[in-house]
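Each chain is listed here by its residues.
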Amino acid sequence: MESIDWRNLSFGYVRTDYNVRCYNRDGKWGELEIMSSEYIQLHMAATSLHYGQEAFEGLKAFRGKDNRVRVFRLAENAKRMHNTALGIKMAVVPEDLFRRAVLTAIRLNDRFVPPYGTGASLYIRPLLIGTGAEVGVKPASEYLFMVFVTPVGPYFKEGFKPVDIMVCRDYDRAAPLGTGCYKVGGNYAASLMSLEIAHHKGFSTTLYLDPKEKKYIDEAGPANFFGIRNNCYITPSSKSILPSITNMSLQQLAWDMGMQVECRPVPYDELATFEEAGACGTAAVITPIRKIVDPDINRIFEYCSDGKPGPFSTRLYQKLVSIQNGDEPDPYGWIEHPDA
Ligand SMILES: Cc1ncc(COP(=O)(O)O)c(C=O)c1O
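In what follows, the accompanying structure is described. Keep in mind that what you see is a predicted model, and the values were worked out from it rather than measured. (Residues numbered from 1 in each chain as written. Predicted model: local features only at pLDDT ≥ 70, side-chain atom pairs only at ≥ 80, totals over all residues. Heavy atoms only, no water.)

1. Digging into the site of the ligand
Taken together, 16 residues are adjacent to the ligand, and Tyr188, Glu219, Ser244, Thr246 and Thr282 come closest. In this structure, Arg80 approaches the ligand through a side-chain N or O atom, which is 2.7 Å from an oxygen atom. Side-chain polar atom of Ser244 to an oxygen atom of the ligand: 2.6 Å apart, as the coordinates give it. The set of elements that each furnish at least two residues to the shell around the ligand consists of strand 12 (223-229), helix 5 (245-256) and strand 15 (276-281). Of the residues contributing to the shell around the ligand, the split by class is six nonpolar, six polar and four charged. (Near = heavy atom within 4 Å. Polar contact = N/O pair within 3.5 Å; in protein donor to acceptor, adjacent residues only side chain to side chain. Helix = DSSP H or I, 4+ residues; strand = E, 2+ residues; numbered from the N terminus. Nonpolar A, V, L, I, M, F, W, Y, C, P; charged D, E, K, R; others polar.)

Next comes the structure, spelled out in structure tokens:
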């Protein structure tokens, strides 16, 4: 096998041995197929290509000290893909099919699950697309659900180190009553322009404000946002952000650590009051924020004055990662084992 430098993996695509696929035809799901090809044969009039009938998920598996593989919150990802499918009128993937496909893809690619202690993990990418041909705007009559996996390192190259992010006022990733709460490709297409501008100016990602009034914090690029103040974990609730499973988990952990938890609209000006701020997601895990720069109105919010992640973010990060790696017991039922 080609040797992989596990400790220096970036968040990118690495070819693995197999992917799994399942078609929905005439309203029924077929058998799970195992493929080694990385390609899909697709009709040129498929609705995924023209009308954005495309949904995906992202979850991770981790190898523990005991060499066992642990998948994190598979059922929640299945639920979110279910909601996304309903939101853009696609065939729904039953939880059982989602689970079988994810666990099979991990088992078949076991040699790509990074070793314990390298900081790398196996990223799992379930994908649901309309494959049926339509020329008028309507839902497809045929769908493909597939799962591929790829070993990854940290999303932000800094890892668990504070990053600088930029408030984006010229672009929105989603409309106020649009598809922001679904994991559909269109939201990411809409974010590319602002992301490129942020990167170009030296920022790790963008901070989106609510698209209706620009008065509240929405989310931080491909991650949710949280702030910490007075032993309280504060995170935006908004119709235009993706409900992050990492964020949901951190709220539980914060609560169990004796913190208060508030999930509510977070006014922009509250940024000035936080002791710590962070971005959270499957890929970002917790990425502490050092600075939020708002170039259009010349404002800067600074955290981590000593350049290090704050104590609350650090504790939450360590707790989450320890559960994911199996270093600490999982009292929540968040972990599933592909070998069980
Ligand atoms: C736009 C956006 N927000 C938030 C998240 C974080 O969600 P999760 O914690 O479920 O990965 C992601 C990543 O999936 C995302 O793409």
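What follows continues from the structure just given.
2. Section: unusual backbone geometry
The residue Lys214 is not glycine, and still its phi comes out positive at about 60 degrees. Relative to the helices and strands, Lys214 resides in the loop between strand 10 (205-209) and strand 11 (217-220). Even without glycine at this site, Asn298 takes up a positive phi of about 55 degrees. With respect to the helices, strands and loops of the structure, Asn298 is situated in the loop between strand 16 (285-294) and strand 17 (299-302).

3. What to know about a nonpolar patch on the surface
A surface patch of nonpolar side chains, about 230 Å² in accessible area, is lined by Ile40, Leu42 and Leu49. Structurally, Leu49 is set in helix 1 (residues 47-50). (Patch = residues over 30% accessible without salt bridge, like charges linked within 9 Å, V, L, I, M, F, W, Y side chains within 5 Å. Areas by Shrake-Rupley, 256 points an atom, 1.4 Å probe, with all protein chains shown as cover. Salt bridge = Lys/Arg side-chain N within 4 Å of Asp/Glu carboxyl O.)

4. Concerning the side chain of Thr235
Locating Thr235 in the fold gives a position in strand 13 (residues 232-235). The class of Thr235 is buried, set by a relative accessible area of 1%. A distance of 2.6 Å separates a polar side-chain atom of Thr235 from the backbone oxygen of Phe225. With sequence-adjacent residues up to four places away left out, Thr235 is seen in contact with Phe225, Phe226, Asn247, Gln251, Glu262, Cys263, Arg264 and Val266. (Buried < 20%, exposed > 50% of the residue type's maximum accessible area, 1.4 Å probe, protein only. Contact = heavy atoms within 4.5 Å.)

5. Comments concerning the packing of aromatic side chains
Under the definition given, this model contains eleven aromatic pairs. Between the aromatic rings of Tyr13 and Phe148, the centroid separation amounts to 5.9 Å while the plane-to-plane angle is 80 degrees, which identifies the pairing as edge-to-face. Residue Tyr13 is located in the segment before strand 1 (19-25), and its partner Phe148 is located in strand 8 (residues 142-152); the two are separated by 135 residues in the primary sequence. Connected via pairs of aromatic rings, a cluster forms that spans Trp29, Phe98 and Phe145. Its guanidinium or amino end placed over the ring of Tyr268, Arg169 lies 5.2 Å from that ring's centre, counting from NZ or CZ. (Phe/Tyr/Trp six-rings, centres within 6.5 Å; stacked < 30°, edge-to-face > 60°. Lys NZ or Arg CZ within 6 Å of the ring centre and 35° of its normal.)

6. A closer look at the pairing of strand 7 (residues 121-130)
A regular strand carries its side chains on alternate faces of the sheet. Burial runs high along strand 7: nine of the ten residues are buried. Direction of pairing for strand 4 (residues 54-56) relative to strand 7: antiparallel, over a ladder of three bridges. The residue bridging Phe56 from the neighbouring strand is Leu127, located in strand 7. (Pairing = 2+ DSSP bridges.)

7. Looking at the pattern of salt bridges
Summed over the entire model, instances satisfying the criterion amount to 22 salt bridges. Asp17 is paired through a salt bridge with Arg111; the nearest N and O atoms lie 2.7 Å apart. Taken together, the residues Asp17 in the segment before strand 1 and Arg111 in the loop between helix 3 (95-108) and strand 7 connect sequence positions 94 residues apart. Take Asp17: its relative accessible area is 23%, and that puts it in the partly exposed class. Overall, the relative accessible area of 36% leaves Arg111 in the partly exposed class. A salt bridge links Glu270 to Arg264, with the shortest nitrogen-to-oxygen separation between them at 2.7 Å. Residue classification places Arg264 among the partly exposed residues on the basis of a relative accessible area of 22%. Here the salt bridges do not stand alone but share partners, grouping Arg229, Glu262, Arg264 and Glu270 into one network.

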